[in-house]
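Architecture at a glance
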Amino acid sequence: WEFNGSFYQPSAFLMMGIPGLEALHPWISIPFCALYLTALLGNCVILFIIGKTPSLHEPMYYFLSMLAVTDLGLALCTLPTTLGLLWFNARRIAFDACLTQMYFIHILSFIESSVLLAMAFDRFVAISHPLRHPAILTRSTVLKIGLAIVLRGMVSLLPIPFLLKRLTYCGRTELSHSFCFHPDIMNLACADIKVNVFYGMIVLLSTVGTDFIFIVLSYILIIRTVVSLTTREECLKALNTCVSHICAVLVFFIPMIGLSMIHRFGRDVPPLVNTLVAYTYLTIPPALNPVIYSIKSTHIREALLRALCRKRG
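Residues numbered from 1 in each chain as written. Predicted model: local features only at pLDDT ≥ 70, side-chain atom pairs only at ≥ 80, totals over all residues. Heavy atoms only, no water.

To continue, consider helix H8 (residues 194–227). Helix length check: H8, at 34 residues, gives a terminal C-alpha distance of 47 Å against a target of 50 Å (1.5 Å per residue), a fit within 8%. A maximum bend of about 35° is found in H8 at Leu205. (Helix = DSSP H or I, 4+ residues; strand = E, 2+ residues; numbered from the N terminus. Expected span 1.5 Å × (residues − 1). Bend = angle between axes of the 7 residues up to and from the residue.)

Here it is as structure tokens:
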């Protein structure tokens, strides 16, 4: 413990694995390794294919590249501590290292939410205003949107580590997961955390909450446009371009909302449920997104097949 007058701060936190299944951690690490490997390889392949295929240099695939980079970052943020705990029972994480990991996990989560919103806007413009799509979403516009997304995440979350460092911690140092999460750290404090709770809720609602509302609004407008199409084939073709994005939105937002609700209101929820939702939130989307887009996107699938054929040749 570090002592400074009446101020106490732990030098480190202790991370938790799967509650009640500690003896099975080496076996449990196998599916985690598979998920992390899929996330790393899958997103790298997506980036490689888009970068090497000129026909994919369009707004939809630029945003997909941003999503792949974000998913890579999320996987790399949690991989060392999760596998370190499952393989070597390395539970200790330094206080400042924990705050750093927490900051980047939350930034990347907020960025992913914003990128999904940008992709929804791209689908809306492409379906509702196809002739104006290239003029509205130019390469420079996409770049500005990407920079705005990153800056919004960085600036809105910048106070969080400092709000946690000002708190007094008095005894409990066990986290609920094998990674650092803002509500988890905050609940270990024995000081008044009203400011942390209020600021965390405001940031969450003004970023992820707003993104989700606008994504839903975009799809309401898309459905209204699709319904007005003359033939059933045109309707299905337009909706088919949105299937991958809808899957990515559901895979990301459902566990994220669940985890936020559990940390804030689910005090009676079993620890195992809390842990499973947390791991679903941080490991499933980075692994599934490249698989979803590789299966559903004809252009990416064809570019991937061409790349494999060239290597074999």
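Right, let's talk about the nonpolar core for a bit. Core analysis: the biggest nonpolar cluster contains 87 residues, and Phe13, Leu64, Leu116, Leu164, Tyr169, Leu175 and Ile185 have the highest contact counts within it. The leading source of residues in this core is helix H3 (residues 95–128), at 18 residues. Beyond its immediate chain neighbours, meaning those up to four positions away, Ile185 contacts Phe13, Cys98, Leu99, Met102, Leu164, Tyr169, Leu175 and Cys180. (Core = buried A, V, L, I, M, F, W, Y, C linked by side-chain atoms within 4.5 Å. Buried < 20%, exposed > 50% of the residue type's maximum accessible area, 1.4 Å probe, protein only. Contact = heavy atoms within 4.5 Å.)

Another point: the side chain of Ser114. Structurally, Ser114 can be placed in helix H3. For Ser114, a relative accessible area of 6% corresponds to the buried category.

Evaluation of the coordinates by the stated rule reveals 2 disulfides. The disulfide bridge from Cys170 ends at Cys190, spanning 2.3 Å between sulfur atoms. Residue Cys170 is found in the loop between helix H6 (159–165) and helix H7 (182–186), and its partner Cys190 is found in the loop between H7 and H8; the two are separated by 20 residues along the sequence. For Cys170, a relative accessible area of 48% gives the class partly exposed. In this structure Cys190 comes out as partly exposed when scored by relative accessible area, which is 41%. Among the cysteines of the protein that take part in disulfides, numbered as they appear in the sequence, the pairing is 1-3, 2-4. The thiol sulfur of Cys242 is not disulfide-bonded, and the nearest other cysteine sulfur, from Cys235, lies at 10 Å. (Disulfide = S-S within 2.5 Å.)

Next up on the list: the environment of Leu151. Topologically, Leu151 is positioned in helix H5 (residues 139–157). Judged by relative accessible area, Leu151 falls into the exposed class, the value being 53%.

Turning our eyes to something else, we now look at the UniProt feature "transmembrane region" (unreviewed entry) in the protein. Look at the UniProt record and you will see "transmembrane region" (unreviewed entry) annotated at residues 24–50, 62–88, 100–121, 142–164, 197–222 and 242–262. Taken end to end, residues 62–88 is 100% helix and 0% strand, and its first and last C-alpha atoms sit 39 Å apart. In the segment residues 197–222, helix accounts for 100% and strand for 0%; the C-alpha atoms at its two ends are 36 Å apart. (UniProt positions renumbered as here; feature names shortened; annotations may be inferred.)

Turning our attention to the pattern of salt bridges. Considering all chains together, one arrives at 4 salt bridges under this definition. Salt-bridge contacts for Glu174 lead to Arg91; the nearest nitrogen and oxygen are separated by 3.1 Å. Of this pair, Glu174 sits in the loop between H6 and H7 while Arg91 is found in the loop between helix H2 (59–88) and strand S4 (92–94), placing the two residues 83 residues apart along the sequence. Lys165 is the salt-bridge partner of Asp96, the closest N and O atoms lying 3.0 Å from each other. Of the two residues, Asp96 is situated in helix H3 and Lys165 in helix H6; the sequence distance between them amounts to 69 residues. (Salt bridge = Lys/Arg side-chain N within 4 Å of Asp/Glu carboxyl O.)

Relative to each other, H3 and helix H10 (residues 243–265) sit at 150°, their axes nearing to 11 Å. With respect to H10, the element H3 is oriented roughly antiparallel. Handedness of the H3/H10 crossing: left-handed. Across the interface between the two elements, Ser109, Phe110, Glu112, Ser113, Leu116, Met119 and Ala120 from H3 touch His245, Ala248, Val249, Phe252, Phe253 and Met256 from H10. Looking at side-chain class alone, the contact of H3 with H10 contains 9 nonpolar, 3 polar and 1 charged residues. (Axes fitted to C-alpha atoms, helices over the stretch in contact; angles between N-to-C directions. Parallel < 35°, antiparallel > 145°, perpendicular 65-115°, else oblique. Left-handed = near helix turned anticlockwise from the far one by under 90°. Nonpolar A, V, L, I, M, F, W, Y, C, P; charged D, E, K, R; others polar.)

Taking 1.5 Å of rise per residue, 28 residues should cover 40 Å, and helix H1 (residues 25–52) covers 40 Å from first to last C-alpha, within 8% of that figure. The largest bend in H1 amounts to roughly 25° and is located at Pro31. Residues of H1 that are buried: His25, Ile28, Ser29, Phe32, Tyr36, Ala39, Gly42, Asn43, Ile46, Ile49 and Ile50.

For the rest of this paragraph, the subject is unusual backbone geometry. Note: most residues except glycine have negative phi, and most peptide bonds are trans. One non-glycine residue, Asn89, adopts positive backbone phi at about 55°. Its location among the elements puts Asn89 in the loop between H2 and S4.

Let us now look at the packing of H2 against H5. Put simply, H2 and H5 touch, their axes get as near as 10 Å, and they point 25° apart. The angle between the axes of H2 and H5 places the two elements in the roughly parallel class. Crossing angle aside, the handedness with which H2 passes H5 is right-handed. Contacts between H2 and H5 pair Pro59, Tyr62, Phe63 and Met66 from the former with Arg139, Val142, Ile145 and Gly146 from the latter. Here the contact of H2 with H5 is composed, by residue class, of 6 nonpolar, 1 polar and 1 charged.

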